[in-house]
Amino acid sequence: MLFADPASEGLMARKVILDVDPGIDDAIALCLALFDPRLEVVAITAVGGNCSPANATRNVQAIIEQLDPPRWPRLGAASPPDAGLPVNGRHLHGVDGLAGVEFEVAELHHLHPSEKVICDQVRGAPEASITIVALGPLTNIARAFQRDPELPSLVGEIVMMGGTVAGPGNITPAAEFNMYCDPGSAQAVFRSRSTKTLIPLDVTNRLVLSFDLLNRLPDEATRVGRFLRTILPPAFRGYRQRFGLEGIHVHDSVALTAVTEPELFSTEEMAGDVETMGELTTGMTIFDRRRVPSWRNNMEVATEMQVGAVTEAIIRGMNDAARRPKLP
Ligand code: RIB
Ligand code: CA
């Protein structure tokens, strides 16, 4: 079950690590998370996927510089999966991962590897107080678990965007992109002892932001408004050219909303695993939904969401982010 966020009862903000492969929809999710008072973004860890690991690391730094959030989180550097990346997302996210804008980065810092940052942040916080929001391939999470075998039981919850339950894939007929990029890591995380929630394509595909969004963006005089107005028009063009769709998916913002507004989603406990060797099915997520299943349940899976309310929450989050005053 997705845990209700503590801040809504005036409690502490929820500590999160955002693991991202920016990627336009990752970048939108970062705009929401970095200014949301219900969240304390303790780290952003880059992972390759939509773009190369080096570009993902650079894009995380570029996004932070563009947005200049109230608190700058720890950053982690991406490194390629052991088997390399079989695919990238340039058809939708541009050659650099951020609509081809090639944002300047004033100061490229030397960063620790993402998996080290994840281990340090989880070990350095009270037990089960950290939520990892995994919005890209699961390479970093699996590596962190290899690096520190106790970590799965120390993490509060892992909320993952990816996979499919009954619907088709989006990078192959069978597989969703994040799982397909590194199926071995996805399988290791699925099979780990950690508390997991999956937000699959079956749910995130139901939300398409239409062109009307461009009239509801924050003012371009704000950092968030300027950033979104830079990356979104190419994203709409890419979706129209690729899919003939008059709108864009925002898979990662939907997954983030499942963390900040869990009451807008329904979940079901399921037993899931990942195919790692199929010629046609590599990266496919499989769930044992037989009348008498034999696999052990190992995660919550989102099965429904209130599309209208989630859409409004995302657009509201964009505008709230633009209004957030910098802390003194
Ligand atoms: O399949 C959609 C997912 O793959 C999203 O997280 C998108 O950013 C890409 O990483
Ligand atoms: Ca992503």
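Notes on the structure follow. What you see is a predicted model; the values in this text were computed from it and never measured.

Along the chain, the regular secondary structure elements total 12 helices and 12 strands. The C-alpha atoms of the chain give 18 Å as radius of gyration, which agrees with the globular expectation for 328 residues (20 Å, within 12%). Going through the 328 residues of the chain one by one, you find that 59% of them count as buried. Taking contacts inside the chain between residues at least 6 apart in sequence as the whole, the part at least 24 apart equals 81%. When the accessible surface of the chain is split by element, carbon and sulfur atoms take 52% of a total near 13600 Å². Measuring between centres, the 30 positive side-chain charges of the chain sit 1 Å from its 41 negative side-chain charges.

Neighbouring strands of a sheet are bound in pairs by backbone hydrogen bonds; such pairs are parallel or else antiparallel. Taking strand neighbours across the sheet as the criterion, the eight strands line up as β3-β2-β1-β4-β5-β6-β12-β9 in an open arrangement whose pairing is mixed. One side of each edge strand has no neighbouring strand; the edge strands of this open sheet are β3 (74–76) and β9 (265–270). Across the sheet, the axes of successive neighbouring strands diverge by a mean angle of 25°, strand direction being ignored. Sheet topology note: the strand β1 (residues 14–20)/strand β4 (residues 130–134) ladder contains five bridges and is parallel. Bridging across to β4, K15 finds its partner in I130. Where helix α2 (residues 53–67) meets the sheet, its contacts fall on β1, β2 (39–46) and β3, and the angle it forms with β2 comes to roughly 145°.

The local shell around ligand 1 consists of D21, D25, D26, N50, L135, M161, N170, E176, F177, N178, H251 and D252. In this structure, D25 approaches ligand 1 through a side-chain N or O atom, which is 2.5 Å from an oxygen atom. Here an oxygen atom of ligand 1 and a side-chain polar atom of N178 are 2.7 Å apart. Alone, ligand 1 offers 270 Å² of accessible surface; in the complex the protein occludes 97% of this.

This brings us to unusual backbone geometry. Note that the residue after P22, namely G23, is joined by a cis bond; omega there is -15°. Among the structural elements, G23 can be located in the loop between β1 and α1 (24–34). One non-glycine residue with positive phi stands out, namely A128, at about 65°. Looking at where A128 falls in the secondary structure, it is placed in the loop between α4 (114–123) and β4.

The subject of this paragraph is the nonpolar core. One finds L18, I44, L232 and M318 to be the most contacted residues of the largest nonpolar core, which totals 68 residues. Counting residues per element, this core draws most heavily on α1, which supplies nine residues. With residues up to four places along the chain from it excluded, the contact list for L232 reads I28, L213, L214, L217 and I248. Ranked by size, the runner-up nonpolar core spans 31 residues in total, among them I17, A43, A134 and V274.

Attention shifts here to the pattern of salt bridges. Counted under the stated rule, the structure contains 16 salt bridges. Here R14 makes a salt bridge to E157, at a shortest N to O gap of 2.7 Å. Taken as a pair, R14 in strand β1 and E157 in strand β5 (residues 157–161) lie far apart in primary sequence, 143 residues in all. R14 gets classed as buried once you look at its relative accessible area, which sits at 7%.

Before going further, it helps to spend a moment on helix α11 (residues 251–260). Most of α11 sits inside the fold, with 10 of its 10 residues counted as buried. Taken as a whole, α11 has its buried residues at H251, D252, S253, V254, A255, L256, T257, A258, V259 and T260.

Let us look at the pairing of β1. With respect to burial, β1 is a largely interior element, six of its seven residues being buried. Relative to β2, β1 runs parallel, the two being bridged by seven bridges. For K15, the partnering residue across the bridge sits in β2 and is E40.

In this section: the environment of M284. Its place among the elements puts M284 in the loop between β10 (272–274) and β11 (285–287). Contacts of M284, omitting those with residues within four sequence positions, involve A174, A175, D273, V274 and E275.

Attention now goes to the coordination of the calcium ion (ligand 2). Those donors, D21 (OD), D26 (OD), D26 (OD), L135 (O) and D252 (OD), are the protein atoms that reach the calcium ion (ligand 2), and they lie 2.2 to 2.6 Å from it. Spacing between the donor residues of the calcium ion (ligand 2) along their common chain follows D-x4-D-x108-L-x116-D. Here the residue L135 occupies a position in the loop between β4 and α5 (139–147), and D252 occupies one in helix α11, the gap between them amounting to 117 residues. One exposure class covers both L135 and D252, and it is buried.

Calculation criteria
Residues numbered from 1 in each chain as written. Chains lettered and ligands numbered in written order. Predicted model: local features only at pLDDT ≥ 70, side-chain atom pairs only at ≥ 80, totals over all residues. Heavy atoms only, no water. Helix = DSSP H or I, 4+ residues; strand = E, 2+ residues; numbered from the N terminus. Rg over C-alpha atoms; globule rule 2.2 N^0.38 Å. Buried < 20%, exposed > 50% of the residue type's maximum accessible area, 1.4 Å probe, protein only. Contact = heavy atoms within 4.5 Å. Areas by Shrake-Rupley, 256 points an atom, 1.4 Å probe, with all protein chains shown as cover. Lys, Arg positive; Asp, Glu negative; His and termini not counted. Charge placed at Lys NZ, Arg CZ, Asp CG, Glu CD. Pairing = 2+ DSSP bridges. Axes fitted to C-alpha atoms, helices over the stretch in contact; angles between N-to-C directions. Near = heavy atom within 4 Å. Polar contact = N/O pair within 3.5 Å; in protein donor to acceptor, adjacent residues only side chain to side chain. Core = buried A, V, L, I, M, F, W, Y, C linked by side-chain atoms within 4.5 Å. Salt bridge = Lys/Arg side-chain N within 4 Å of Asp/Glu carboxyl O. Donors = N, O, S within 2.8 Å, 3.2 Å for Na, K, Ca; no water.

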